[in-house]
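Report on the structure
Below, each chain spelled out in residue letters.
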Amino acid sequence: MLSESVEDYLKAIYTLGQHGNPVSTSALAERLNVAPASITQMVKKLDQMEPSLIRYKKHHGATLTNHGERVAVEIIRHHRLIELFLQQSLGMGWDEVDAEAEKLEHVVSEALMDRIADVLGDPKFDPHGAPIPPKGGRMPVVEGLCPLTAMNTDESGTVRRVSDSDPEVLRYLGELGVVPGTSLKVIERAPFDGPIHIQLETTTHALGPNVAARVLMEKD
């Protein structure tokens, strides 16, 4: 059994080091809100564990071993399944579920996670459109998406994923109807990093570039 702290480190390294890139201790410190000295101490400890969970090299950063990656992906699976369960079964808002899932992902049993997955119909995506990995499997690769900021005037597409890093932004986008599965069209782009004007079925909205960048689209 691994501690919650260790699991948080593995998940952070996986998230920050997509495609196997080394993750610096400073990036981990910012992500986990932990002092850099404590980060260095922990990654050295994880590097020395048996079986080893990470590989750490001073001035280069940390990468996950195969074992560490499997653990990280399973924790992410827990997190995303719990988010979907809280939303669909308990009626929580998609802006609320991330914080609750952060607490629960470490303590639920595998038997309960299997039951939740079964009740939800073995879902493929969480409320924000992030893929849910299969039990014991690798993270699914979702290709062909682009940020809303990369779309040109008169281009249309479908929202596939929205960043869950800011609950207030999620709440705002939810009120506008900019959620996974929604079709929209870019009708105008203001110059000099101005707002992007989008059209849903019968409504139009202007999104600032910082908000629009959080929305991943599949172009028509």
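Going by the structure above, here's the rest.
In this convention, every chain numbers its residues from 1, walking through the sequence in written order. Under the rules for a predicted model, residues below a pLDDT of 70 receive no local features and side-chain atom pairs below 80 are neither given nor counted, while totals for whole chains, interfaces and linings still include all residues. Excluding hydrogens and water, the side-chain values take into account all heavy atoms of the structure.

The next point concerns the overall build of the protein chain. Each helix corresponds to a stretch of at least 4 residues labelled H or I by DSSP, and each strand to a stretch of at least 2 residues labelled E; elements are numbered beginning at the N terminus. Helix and strand content of the protein chain: eight helices and eight strands. Here the globule rule is a power law, 2.2 Å times the number of residues to the power 0.38, and the radius of gyration is based on C-alpha atoms. Scaling as 2.2 N^0.38, a compact globule of 220 residues should have a C-alpha radius of gyration of about 17 Å, and the protein chain matches this with 19 Å. Counting only C-alpha atoms, the protein chain reaches 55 × 45 × 25 Å along its principal axes. For the protein chain, the proportion of its 220 residues judged to be buried stands at 39%. Just so you have it, the protein chain exposes about 12100 Å², and 50% of that area is on carbon and sulfur atoms. Working convention for charge: Lys and Arg count positive, Asp and Glu count negative, and His plus the chain ends are omitted. Where a charge lies is defined by one atom per residue type, namely NZ (Lys), CZ (Arg), CG (Asp) and CD (Glu). The average position of the 22 basic charges and that of the 32 acidic charges among the side chains of the protein chain differ by 7 Å. For each residue, the accessible area found with a 1.4 Å probe, counting protein chains only, is set against the maximum for its type, and the residue is called buried under 20%, exposed over 50%, and partly exposed in between. For the area figures, the Shrake-Rupley method with a 1.4 Å probe applies, and any residue is considered shielded solely by the protein chains shown.

Another aspect to go through is the nonpolar core. Leu-10 and Ile-54 are the most contacted members of the largest nonpolar core, which totals 23 residues. Elements with a contribution of two residues or more to this core: helix H1 (4-16), helix H2 (25-32), helix H3 (36-48), strand E1 (54-57), strand E2 (61-64) and helix H4 (66-90). Here this core gets six residues from one element, more than from any other, and that element is H1. Those residues in contact with Ile-54 that sit more than four places away from it in its chain are Leu-10, Ile-13, Val-43, Leu-46, Asp-47, Ala-62, Thr-63, Leu-64 and Thr-65. The set of buried Ala, Val, Leu, Ile, Met, Phe, Trp, Tyr and Cys residues whose side-chain atoms join them within 4.5 Å is what this entry labels a nonpolar core. Residues Val-162, Leu-184, Ile-198 and Leu-207 belong to the second largest nonpolar core, which totals 21 residues. Contacts are residue-level and defined by heavy atoms, with any inter-residue pair within 4.5 Å sufficient.

This part takes up the sheet that holds strand E8 (residues 215-219). Strands pair, by our definition, only if DSSP identifies at least two bridges between them. The six strands lie next to each other as E3-E8-E4-E5-E6-E7, forming an open sheet whose pairing is antiparallel. The open sheet terminates on both sides in strands that have one partner only, identified here as strand E3 (146-147) and strand E7 (204-207). When strand E4 (residues 156-162) meets E8, the two strands line up antiparallel, connected through five bridges. Among the inter-strand pairings, Thr-158 is bridged to a residue of E8, identified as Glu-218.

Attention now goes to H3. Look at H3: 19 Å from first C-alpha to last across 13 residues, which is about the 18 Å you get at 1.5 Å a residue. Of the surrounding elements, those touching the buried residues of H3 are H1, H2 and E1. What a helix is expected to span follows from its residue count: subtract one and scale by 1.5 Å.

Where H2 meets H3, the closest approach of the two axes is 9 Å, and the angle between their N-to-C directions is 110 degrees. Taken together, the axis directions place H2 and H3 in an arrangement best described as roughly perpendicular. Like other packed secondary-structure pairs, H2 and H3 cross with a definite hand, here right-handed. Contacts from Thr-25, Leu-28, Ala-29 and Leu-32 in H2 reach Pro-36, Ile-39, Thr-40 and Val-43 in H3. Basically, the charged four are Asp, Glu, Lys and Arg, the nonpolar ten are Ala, Val, Leu, Ile, Met, Phe, Trp, Tyr, Cys and Pro, and anything else, Gly included, counts as polar. For the contact of H2 with H3, the class distribution of residues is six nonpolar, two polar and no charged. Interaxial angle, 0 to 180 degrees, is taken between N-to-C directions of lines fitted to C-alpha atoms, where a helix line uses only the stretch in contact. For classification purposes, an angle smaller than 35 degrees is called roughly parallel, one larger than 145 roughly antiparallel, one from 65 to 115 roughly perpendicular, and anything else oblique. Less than a right angle of anticlockwise turn of the near helix away from the far helix marks a crossing as left-handed, whereas a clockwise turn marks it as right-handed.

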